[in-house]
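Structure assessment
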Amino acid sequence: MRPALILAASLFLPTPAFAASVDVVMSGLDNPRGLAFAPDGALYVTEAGRGGASPCISMRGIAACYGPTGAVSRLHRGRQERVVEGLPSIADAAGTETGGPNDISFQGNVGYVTIGFAGVAPAMRSEFGAAGKVFGHLLRLNPGGTWQVVADVSAHEQATNPAGGPIETNPFAVLAEPGARLVTDAAGNSLLRVAADGSITTVATFLSRPFAATDAVPTGFARGPDGAIYLGQLTGVPFADGAANIFRIAPGGCD
């Protein structure tokens, strides 16, 4: 049989069915977001939480309230446990929009966690008093579960507004590398570099697309084998078809 006939004949052969197998790895998580493996093989997951009862602010016309319900959970050798609790969380009553622990990345045994602020103006953090001082920050998670503030990511948006437009902030993804941490501010439309001393510089900005009337919203990213950063977009409301992009950020600029 000729190759063309073999191909034609194969189109009419029954296709074997493959049953998907799904296993539950962790359960009971409270609005899980980013995850990462530590050097010892443990899996860490950030939980944005569910907000709380008060104080409350208006978030895009909806009441959003604070609660210490953010957390970080770990799965190690079959045991699941929360290793950090009481982190700040903000959410509306329906839980459709939540800000809190967004992502985690490890450099050695030290984890770095972004605490989002759901795309709200950085100045609104003052409405939450002392609790609001952790929103919009990059935290260092030490072995044993203690944590400390590394940098105020949202203050960079407040001070410089690198992408222009409304001053809004939501520190999202983080990549911990030797000497620095890279962080996306999904609401600020920027990719930022946080140095070891906590100073912040802008690596790249992402402009809204007028034709689609959507915000850029840079979210997850990874460093490719070529050394460049590859970054994806969520885009904003109304989430127009074809509006999202994947960017390649090389040391000299953005492709």
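To start, this report covers the structure provided alongside it. (Residues numbered from 1 in each chain as written. Predicted model: local features only at pLDDT ≥ 70, side-chain atom pairs only at ≥ 80, totals over all residues. Heavy atoms only, no water.)

Brief notes about the overall build of the protein
Looking only at helices and strands, the protein features 2 helices and 18 strands. Out of the 255 residues in the protein, the part that is buried amounts to 47%. If you take every contact in the protein between residues at least 6 apart in sequence, the share linking residues at least 24 apart comes to 47%. Only carbon and sulfur atoms are counted for the fraction: they give 58% of the accessible area of the protein, which is about 12,900 Å². (Helix = DSSP H or I, 4+ residues; strand = E, 2+ residues; numbered from the N terminus. Buried < 20%, exposed > 50% of the residue type's maximum accessible area, 1.4 Å probe, protein only. Contact = heavy atoms within 4.5 Å. Areas by Shrake-Rupley, 256 points an atom, 1.4 Å probe, with all protein chains shown as cover.)

Notes on the sheet that holds strand E14 (residues 200-205)
Sheet strands line up and pair through hydrogen bonds in the backbone, either parallel or antiparallel. The sheet built from 4 strands is open, its strands ordered E11-E12-E13-E14 with antiparallel pairing. Each edge of the sheet is formed by a strand with only one pairing partner; in this case those strands are strand E11 (171-177) and E14. Looking at each pair of strands side by side, their axes are set apart by 25° on average, direction ignored. Where strand E12 (residues 180-185) lies against strand E13 (residues 190-195), 6 bridges are found, and the strand directions are antiparallel. Across the sheet, the residue bridging to Asp-185 is Ser-190, located in E13. (Pairing = 2+ DSSP bridges. Axes fitted to C-alpha atoms, helices over the stretch in contact; angles between N-to-C directions.)

Points about the sheet that holds strand E10 (residues 147-152)
The antiparallel open sheet is built from 4 strands, whose spatial order is E7-E8-E9-E10. Only two strands of the sheet have a single neighbouring strand rather than two, namely strand E7 (101-107) and E10. Each adjacent strand pair in this sheet contributes to an overall mean axis angle of 25°, direction not counted. In this structure, E7 lies alongside strand E8 (residues 110-115), joined through 6 bridges in antiparallel fashion. Each bridged residue has a counterpart across the sheet, and for Phe-106 the counterpart in E8 is Gly-111.

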